[in-house]
Amino acid sequence: KDFKDQMIIDAGQKHFGAIICKSCGMIYTAASPEDEAQHIQHHQRFLEGIKYVDWKKERVVAEFWDGKMVLVLPDDPKYAIKKAEDVRELVDNELGFKQIVLSCPSKIKTYFFVSNERKIIGCLIAEQIKQAFRVLSEPNVPQSPNQDVLQHHRAWRCSIKPEAAICGISRIWVFSLMRRRGIARRMVDVVRNTFMYGCYLSTDEIAFSDPTPDGKLFATKYCQT
Ligand code: ACO
Ligand code: ZN
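Owing to the predicted nature of the structure, the values given are computational and were not obtained by experimental measurement. (Residues numbered from 1 in each chain as written. Chains lettered and ligands numbered in written order. Predicted model: local features only at pLDDT ≥ 70, side-chain atom pairs only at ≥ 80, totals over all residues. Heavy atoms only, no water.)

Quick word on the pattern of salt bridges
- Counted by the stated rule, this structure contains ten salt bridges.
- Here R179 ties to D214 by a salt bridge, and the two come within 4.0 Å at their closest N and O atoms. Here D214 lies in helix α6 (residues 213-224) and R179 lies in the loop between β9 (167-174) and α5 (183-194), a separation of 35 residues in the sequence.
- Classification of R179 as partly exposed rests on a relative accessible area of 32%.
- Classification of D214 by relative accessible area gives exposed; the value is 51%.
- Within this structure, D54, E58, K68 and R118 form a network of salt bridges that share partners. (Salt bridge = Lys/Arg side-chain N within 4 Å of Asp/Glu carboxyl O. Helix = DSSP H or I, 4+ residues; strand = E, 2+ residues; numbered from the N terminus. Buried < 20%, exposed > 50% of the residue type's maximum accessible area, 1.4 Å probe, protein only.)

In structure tokens form, the structure reads like this:
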């Protein structure tokens, strides 16, 4: 029939029998034992990773109707650092980052968004930086298949002129089932307010490093408004 019908049919087949787990968010095929085994493994590791047990000493930097934000600094107690490392590992896994060393572990600030159900549903890792290269916006033309490939390789065009920046966002992540509720936006707002004592950073003073397609869509929108 027409092209549109075909697309729907294809999409339907691709996701035939697919289930989305309501607690860990993984999409898998229940009919496949392999998939199911993989899900069980991911499920436990993920839920354990995002579990938040109220800490004796926690640095709450913001409170919202649907949760709170907690900041972890490099000199914090071991349990807090351990949690920051565990969550970073989960996030890196999802982003496909492999053992990326942080440029300066003693300077990083880890922000968690903790839900009222005590789950870490958002994480932002910020570092102090001196300069950044602006990602140039793509010309607004219909995308060729070739450009699509480029997008998946994260080959953004960057300016060659470094600009002064203060805060580099090296990771930003929100739990898949909690996206598009303004959690990332609120996390960045709070970072701008708490990263440097006594000042509110402008969007020019923050930089997103190596953004994913999701990250780029978010950052573009965030910095415009
Ligand atoms: N597609 C289009 N627009 C988007 C998207 C998207 N996927 N995500 C955010 N936006 C825009 C929207 O305009 C949105 O406002 P709206 O929902 O009212 O339209 C606005 O940004 C604010 O979005 P939030 O709800 O605050 O963003 P969210 O909490 O969903 O988190 C994030 C965005 C962190 C990118 C999330 O999609 C995610 O965790 N993705 C997977 C991990 C990832 O790729 N992280 C970025 C890595 S790059 C880096 O870390 C430097
Ligand atoms: Zn699950």
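Describing the coordination of the zinc ion (ligand 2)
- The zinc ion (ligand 2) binds to the protein through C21 (SG), C24 (SG), H39 (NE2) and H43 (ND1); the donor distances cover 2.0 to 2.3 Å.
- Every donor counted, the four donor atoms about the zinc ion (ligand 2) form angles of 104 to 116° at the centre, which fits tetrahedral coordination.
- All donors to the zinc ion (ligand 2) come from one chain, and their sequence spacing reads C-x2-C-x14-H-x3-H. On the criterion of sequence distance, the pair formed by C24 in the loop between β1 (18-20) and β2 (27-29) and H39 in helix α2 (residues 33-50) is long-range, its members being 15 residues apart. Of the two residues, C24 and H39, both sit in the buried class. (Donors = N, O, S within 2.8 Å, 3.2 Å for Na, K, Ca; no water. Tetrahedral: all angles 85-135°; square planar, octahedral: opposite > 155°, others 65-115°.)

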